[in-house]
Amino acid sequence: MKIQYLGHACFRLISDMGTTLVCDPFNGETVGYCMPRVRADVVTVSHHHDDHDCVDEVCGSPAQIDCEVTCCADDVTVSSLPTFHDEVKGAKRGSNLVFCFEIDGLKVVHMGDVGLFDENIVGRIANCDILMLPVGGTYTVDAQTAKKYVDAANPNIVLPMHYKCDGCTLDIAPVNDFVNLFNPDDVQFDVSDSLVIQDVPENARTKVVVLRRYVD
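Report follows, based on the coordinates. As the structure is a prediction and not an experimental result, all values here were calculated from the model. (Residues numbered from 1 in each chain as written. Predicted model: local features only at pLDDT ≥ 70, side-chain atom pairs only at ≥ 80, totals over all residues. Heavy atoms only, no water.)

**A few points about the nonpolar core**
Leu13, Met111, Ile125, Leu159 and Phe178 are the most contacted members of the largest nonpolar core, which has 57 residues in total. Of the residues forming this core, the biggest block, six residues, is contributed by strand E8 (residues 95-103). In terms of nonpolar packing, the next biggest core, distinct from the first, is built from 16 residues, Val22, Met35, Val43 and Leu170 among them. (Core = buried A, V, L, I, M, F, W, Y, C linked by side-chain atoms within 4.5 Å. Buried < 20%, exposed > 50% of the residue type's maximum accessible area, 1.4 Å probe, protein only. Helix = DSSP H or I, 4+ residues; strand = E, 2+ residues; numbered from the N terminus.)

**Section: the side chain of Asp24**
For Asp24, the location among the structural elements is in the loop between strand E3 (20-23) and helix H1 (28-31). For Asp24, the side chain forms a polar contact with the side chain of Ser46, separated by 2.7 Å. Side-chain polar atoms of Asp24 contact the side chain of His52, separated by 2.7 Å. (Polar contact = N/O pair within 3.5 Å; in protein donor to acceptor, adjacent residues only side chain to side chain.)

**Comments concerning the pattern of salt bridges**
Scanning the entire structure with this criterion turns up six salt bridges. The closest approach of N and O atoms between Glu57 and Arg37, which form a salt bridge, is 3.7 Å. Highlighted residues: Glu57 in the loop between strand E4 (42-44) and strand E5 (63-65) and Arg37 in the loop between H1 and E4, separated in sequence by 20 residues. The class for Arg37 is partly exposed, based on a relative accessible area of 44%. Here Arg39 ties to Asp41 by a salt bridge, and the two come within 2.9 Å at their closest N and O atoms. (Salt bridge = Lys/Arg side-chain N within 4 Å of Asp/Glu carboxyl O.)

**A few points about the packing of aromatic side chains**
In the structure shown here, the tally under the stated rule is six aromatic pairs. Ring geometry for Phe26 versus Tyr33: centroids 5.5 Å apart, planes at 80 degrees, classification edge-to-face. For the pair formed by Phe26 and Tyr33, the shared burial category is buried. With a centroid separation of 6.2 Å and an interplanar angle of 15 degrees, the aromatic rings of Phe99 and Phe101 are classed as stacked. Since its relative accessible area comes to 0%, Phe101 is described here as buried. These aromatic residues form a ring-pair network of at least three members: Tyr5, Phe11 and Tyr163. A cation over a ring is seen here: Lys147 above Phe182, with NZ or CZ 5.0 Å from the ring centre. Taking the ring centre of Tyr33 as reference, the NZ or CZ of Arg213 above it sits at 3.8 Å. (Phe/Tyr/Trp six-rings, centres within 6.5 Å; stacked < 30°, edge-to-face > 60°. Lys NZ or Arg CZ within 6 Å of the ring centre and 35° of its normal.)

Read these as geometric descriptors, not functional statements.
Rendered as C-alpha cells:
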C-alpha cells in the first residue's frame, strides 16, 4: 500500500491492486496553496467544509462517501464512525466522520477534523497500523489532545495533518508543536511525499512520520 500526502488533511491511498482513495480534498483558496489534481476511484469526506469536501478537485469521476457506512470498494473496506468537530459535541462546528480503511491487510484511520477526545472512537481505532491525525488546533484537536489520542490508541505509525506549513493561511499551529511531544528517536521528517508499506509494521513504540506535501 502507498499513502501520499496531498496537503492539509488530504491523503491519497493506493492499494497493491491499484484501487485509489482520496480523503478530504481541499479548496486551495481556503487553505492557501493548491490542491494537486489527482485521480481516484473513491473520495471520502469527513464533513462539508470547503477545506475538506472539494470533490470536484479530484479527477476520474470518483464515488463519494460522506455518511456513516460500511462498504467495499474492490479490494478495500471502508467504514465511518460519527464524532464531533469541536469540544462541545458539534454545537460550534457540527459533526465529523472518522474513516477506517482495511487495505492490503493494514488498518488505516483518517480522523478528519475531530475536535475532541472521544473515548468511543479510541476503542474503535485502537492498535491501528496507520493513524492520520489533525494536530494544529483552532478547528481541531490541538497538539496535546492529539498526543492523548496517540497514547490511548497506540497506532504503529502516525501521519500528522491539518497543521501550519509554508503557504498555509489558516490560523493553526505548526507540526513541531506536536512532534516535540515525542522522543526525537520516534520522529521522522521524511524527504518523500509518500509512505509505502508492504507488511504490518512491528514498532516497539509509535513512530511519527511527517511527510512532505506532494506538489504536481
